[in-house]
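Analysis of the macromolecular model
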Amino acid sequence: MSQFDVLFQPLKINNTTIRNRIVSTAHAEVYATDGGMTTDRYVKYYEEKAKGGCGLCICGGSSVVSIDSPQSWWSSVNLSTDRIIPHFQNLADAVHKHGGKIMIQISHMGRRSRWDGENWPNLMSPSGVREPVHRATCKTIEEEEIWRVIGDFAKAAVRAKEGGLDGVELSAVHQHIIDQFWSPRVNKRTDQWGGSFENRMRFGMEVVKAVREAVGPDFVVGMRITGDEFHPDGLTHDDMKQIAKYYNDTNMIDFFGVVGSGCDTHNTLANVIPNMSYPPEPFLHLAAGIKEVVSVPVIHAQNIKDPNQAKRILDAGYVDFVGMTRAHIADPHLITKIKLDQTDQIRQCVGANYCIDRQYMGLDVLCIQNAATSREHMGMPHIIEKTTGPVRKVVIIGGGPAGLESARVAAERGHNVTLIEKASELGGQVSIAAKAPQRDQMAGITRWLAMELTRLNVEVILDTAANADMIRELAPDVCILATGGSPFIEQNPDWGAEEGLVVSSWDILNGTVEPGENVLVFDTICEFSGMSAADYLTAKGAKVELVTDDIKPGVGIGGTTFPTYYRSLYEKEVIMSSDLALIKVYREGDNLVAVLENEYTEHKEERVVDQVVIENGTRPNEALYYELKAESVNKGQIDVETLFDSKPQPVLSEAHDGMILWRIGDCVSQRNTHAAIYDALRLCKDL
């Protein structure tokens, strides 16, 4: 552990000692229920991080202080009522008993929300300027409302203190109401709340004064700010340094959390939570710039995934605390693993942004590769316990994420596990996804799983297409089929798949088929594969039109991810066309003609190209399942009631001779990587 000593040096924020330099920073978890209360799921999510060694958790990104700042869309924490206090006490007790500290981010969202949810309020901003991302209109906040909201911040901070939390973080980032007053993009006022620097700072200053007076000198009060809004008419890095120093010099702010970029447009939103297409810690320089002008600790969290990054940042003195938020979503025990010299066992975040993209859709935050995260309350374990029952022989067919996670969990349980994969490498569709220019780090998901299988002495057999006779000869107690799916390009006979007129996105990404020069990509799924194929083709020099019958290309990709694709595709002059279905492909001389039809007008148009690539999802590879189903003791069935209730499958406790057969992942139906891993965990954790 000595090489990571700097990570474990305690440091005080105000009079609160944080046991190490690693922070899980504020994010909207979308777990708060019962009107914004931190109920059991919420508590256990943060308790797991504290149990795993995290020094400080700042919970509740965008937690509201006022009744007219909607919380239902985000299922965020509601600090506008005293009802929250006993819930906070439960949360604080759960974190404190493991030695961690817990604070909460408090905010009024101003214009950055939706009005068509709980209470249906009129949204407010300094000058009535709407925010593009949420497409919501707002009114100009009035003087009386300004003072009411300032008072609401103070009351919310008191509730956090009475609930036993260790501090609050004022959100002045992401264009919440405090930095809406700061920014000349939004604040056009000419009264005491706008115009000059001091006037634009006034609202935030009054909030700070009210909060500090309400909670006293020893309770931690921090502020999260952006380092640069990245808008030509917005706040620059020099502006933000001036603002940070202005508030620092009041001696009422105990720490600054600094992130790069505003996020009031789709393009800037992608910067705030950098996905795998970004370099490591791309905005560290902005946090370091703020640290130069303030005298209190600075926290920075953006694309910091592994302990070596954290060590380097802290050793260089760029900041005082390193935020590893998505890293803790991927593995809440990463600090303990560092201490135990088990860094190779850390399930490292790959930057897929499945977690945060779900949040921006109003869905609960989940990890693409760790299905236990946020399901601790359901009994989903991060640490798999050994079985106390019989040790079984388990044979798994398929080395994609479903098969790999099944093998890992079964082996952790202590069973004798054999995994058979027909390809020469493990990974399945994840390996295909990792061929795309912006998705290469996806390979980290299956690389970690493969390393775990080696550690657990799982027998892995590659380059072998398993058949029914082979499985019968192995005579497993349990056989799990994770044979995946195949591209479904034969759905429409007029596409000409049988005649070889079209190819799949897999063919392109795998290099099975050479890219054409003039290519039409038809993507009816509108998630990653189609856009990845288009991006890959342009990187190889092709001219590409990306066509979909949906409302826009990539509509199924989340808000922090589709902008990075759009940047790349627009830069490479990809034509993007929507509302057009591919109805036929035919050959004309040396060219292909793709016939497209507009769903709304039924107008047909043609494209003359030399290659047509189709992304139409997959069909399950289920032949082996149906060959074995009849002779299995459970006829291949999974009891869905017990599966969904996180309980052991009944067949495991029944006396029988013969093989239990289950199938999971895309060989049942196409879903995604998280679904495959989740099914593997909840099925095998009680094996």
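A brief structural summary. (Residues numbered from 1 in each chain as written. Predicted model: local features only at pLDDT ≥ 70, side-chain atom pairs only at ≥ 80, totals over all residues. Heavy atoms only, no water.)

Below, the discussion takes up helix α18 (residues 528–539). For α18, which comprises 12 residues, the first-to-last C-alpha distance of 16 Å matches the rise-based estimate of 16 Å (1.5 Å per residue) to within 8%. Of all 12 residues that make up α18, nine are buried, and the element is covered over most of its length. When α18 is considered as a whole, its buried residues turn out to be Gly530, Met531, Ser532, Ala533, Ala534, Asp535, Tyr536, Leu537 and Thr538. In this structure, the buried residues of α18 make contact with α17 (505–510), β19 (518–523), β20 (543–547), α19 (562–571), β21 (575–577) and β25 (611–615). At the exit of α18 stands Gly541, carrying a positive phi of roughly 100°. (Helix = DSSP H or I, 4+ residues; strand = E, 2+ residues; numbered from the N terminus. Expected span 1.5 Å × (residues − 1). Buried < 20%, exposed > 50% of the residue type's maximum accessible area, 1.4 Å probe, protein only. Contact = heavy atoms within 4.5 Å.)

Our focus in this paragraph is the pairing of strand β16 (residues 478–481). What you see with β16 is no split at all: Val478 and Ile480 on one side and Cys479 and Leu481 on the other are buried throughout. Direction of pairing for strand β13 (residues 393–397) relative to β16: parallel, over a ladder of four bridges. Residue Ile396 lies in a different strand from β16, and its bridge partner there is Ile480. Both β16 and strand β27 (residues 660–663) contribute to a ladder of four bridges, which runs parallel. Within β27, the position partnered with Val478 by the bridge is Ile660. (Pairing = 2+ DSSP bridges.)

Attention shifts here to a nonpolar patch on the surface. A cluster of nonpolar residues, Ile551, Val555 and Tyr600, forms a patch on the protein surface that exposes about 320 Å² of accessible area. Tracing the chain through its elements places Ile551 in the loop between β20 and α19. (Patch = residues over 30% accessible without salt bridge, like charges linked within 9 Å, V, L, I, M, F, W, Y side chains within 5 Å. Areas by Shrake-Rupley, 256 points an atom, 1.4 Å probe, with all protein chains shown as cover. Salt bridge = Lys/Arg side-chain N within 4 Å of Asp/Glu carboxyl O.)

Let us now look at the side chain of Asp666. With respect to the secondary-structure elements, Asp666 resides in the loop between β27 and α22 (673–684). A polar contact of 2.8 Å, which involves the side chain of Asp666, links it to the side chain of Gln429. Among the polar contacts made by the side chain of Asp666, one reaches the main-chain amide nitrogen of Arg671 at a distance of 3.3 Å. Contacts of Asp666, omitting those with residues within four sequence positions, involve Gln429, Gly484, Gly485, Thr618, Pro620 and Arg671. (Polar contact = N/O pair within 3.5 Å; in protein donor to acceptor, adjacent residues only side chain to side chain.)

Let us look at empty space enclosed by the protein. Applying the stated criterion across every chain yields a total of four cavities of 30 Å³ or more. Taken as a whole, the largest cavity encloses approximately 420 Å³ of empty space. In this structure, the largest cavity is lined by 33 residues; those nearest its centre are Ala26, His27, Arg224, Ile273 and Ile356. For the lining of the largest cavity, the secondary-structure elements that each account for two or more residues are β4 (56–64), α10 (325–330) and α12 (354–359). In this structure, the second largest cavity occupies an estimated 90 Å³ of space. (1 Å grid on protein atoms, 1.4 Å probe; cavity = no way out; pocket = protein on both sides within 12 Å on 5 of 7 lines; lining within 4 Å. Points joined across faces, edges and corners; volume = space filled by probe spheres on them.)

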